[in-house]
Amino acid sequence: MIDLENVSMAYTDKGMPAVSHANLHVNKGEFIFVVGSSGSGKSTLIKLLLKELDSTAGKITVNGQVLEGMKHRKVAKYRRKIGVVFQDFRLLKDRNVYENVAFAQRVIGRPTRVIKKRVPEVLMEVGLGGKYKKRVTELSGGEQQRVALARALVNRPDILLADEPTGNLDPHTSQEIMKLLEQINNRGTTVLVVTHDREIVNSMKKRVVTMKDGSIVNDEKEGEYYEN
Ligand SMILES: Nc1ncnc2c1ncn2[C@@H]1O[C@H](COP(=O)(O)OP(=O)(O)OP(=O)(O)O)[C@@H](O)[C@H]1O
Ligand SMILES: [Mg+2]
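For clarity, every value in this text was computed on a predicted model and none was experimentally measured.

A. The arrangement of the sheet that holds strand S6 (residues 82-86) in detail. The strand order S6-S7-S8-S3-S9-S10 describes an open sheet built from six strands, whose pairing is mixed. Both outer strands of the open sheet, S6 and strand S10 (215-220), are each paired with one neighbouring strand and no more. Going from strand to strand, the sheet's axes swing by 15 degrees on average, the running direction of each strand aside. Here strand S9 (residues 207-212) pairs with S10 via five bridges, running antiparallel. Counted as the bridge partner of Met211 is Ile216 from S10. Contacting strand S3 (31-35), S6, strand S7 (159-163), strand S8 (190-194) and S9, helix H1 (residues 42-49) runs over the sheet at an angle of about 150 degrees to S7.

B. Structural view of the packing of aromatic side chains. For the structure on display, the rule yields two aromatic pairs. Between the aromatic rings of Phe31 and Phe33, the centroid separation amounts to 5.2 Å while the plane-to-plane angle is 75 degrees, which identifies the pairing as edge-to-face. Against the face of Phe86 rests Arg90, its NZ or CZ located 3.7 Å from the ring centre. Taking the ring centre of Phe31 as reference, the NZ or CZ of Lys206 above it sits at 5.1 Å.

Cut-offs applied
- Residues numbered from 1 in each chain as written.
- Chains lettered and ligands numbered in written order.
- Predicted model: local features only at pLDDT ≥ 70, side-chain atom pairs only at ≥ 80, totals over all residues.
- Heavy atoms only, no water.
- Pairing = 2+ DSSP bridges.
- Helix = DSSP H or I, 4+ residues; strand = E, 2+ residues; numbered from the N terminus.
- Axes fitted to C-alpha atoms, helices over the stretch in contact; angles between N-to-C directions.
- Contact = heavy atoms within 4.5 Å.
- Phe/Tyr/Trp six-rings, centres within 6.5 Å; stacked < 30°, edge-to-face > 60°.
- Lys NZ or Arg CZ within 6 Å of the ring centre and 35° of its normal.

Geometric values such as these leave the question of function open.
Written out as structure tokens, the structure is:
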């Protein structure tokens with residue numbers, strides 16, 4: 001599903017690479033945590049997978065498509081099959097829950113009747129069945145992240161990328177969101193979660209990839225969050 005072969009990416013010609021000679025292979029249906037200290041290259045890795053950034057060396061293959069040399073006009077369609085959520089939710093604050101999810105569908109020209117069927121479905125999946133009409137500003141942080149997850153899942157992506165999805169949430173709510181990510185994974189979506197949450201990583205017994213100074217320094221099944 002995701003394959004990195006000796007991938008490097010430097011933001012500037014002279015500076016240290018943000019990702020350096022990374023090799024990573026993620027199978028369809030896997031759940032992986034990516035951990036590592038601040039500045040170790042985790043968000044850069046996510047941006048490479050989204051093709052928001054281009055690698056400067058190596059080869060990235062996602063879902064059978066090689067990202068290097070992908071034509072500009074193909075990128076939007078490629079991204080449709082990848083869901084993404086962030087620490088800061090990135091919702092439309094002046095819209096309600098339903099609209100935040102429906103919007104992503106309208107942008108890509110889905111017919112209204114499809115949207116009307118799909119949006120309630122995905123809101124149920126994330127546990128927001130009864131809150132369609134609430135403004136997102138009236139929701140708790142955990143509920144806002146659920147809206148962001150619904151929006152990420154509405155196109156039935158093959159892969160869900162999450163960059164510190166619980167970074168703004170209290171421990172209990174963080175647990176709930178991680179459980180939800182696990183459920184999404186159990187339904188077949190490949191899930192990659194960047195997190196600093198040591199307790200969650202150590203309790204969930206998933207594959208853990210550790211980055212340090214742009215390199216992948218550890219990759220373990222049922223791994224732990226090691227000090228580095
Ligand atoms: N837009 C940018 N321009 C130049 N350098 C950048 C840019 N974004 C990130 N970097 C540098 O790339 C390196 C990796 O940054 P990245 O954001 O990927 O780290 P991270 O692991 O996500 O850190 P954090 O845990 O703090 O989010 C850092 O040295 C950072 O300073
Ligand atoms: Mg980051």
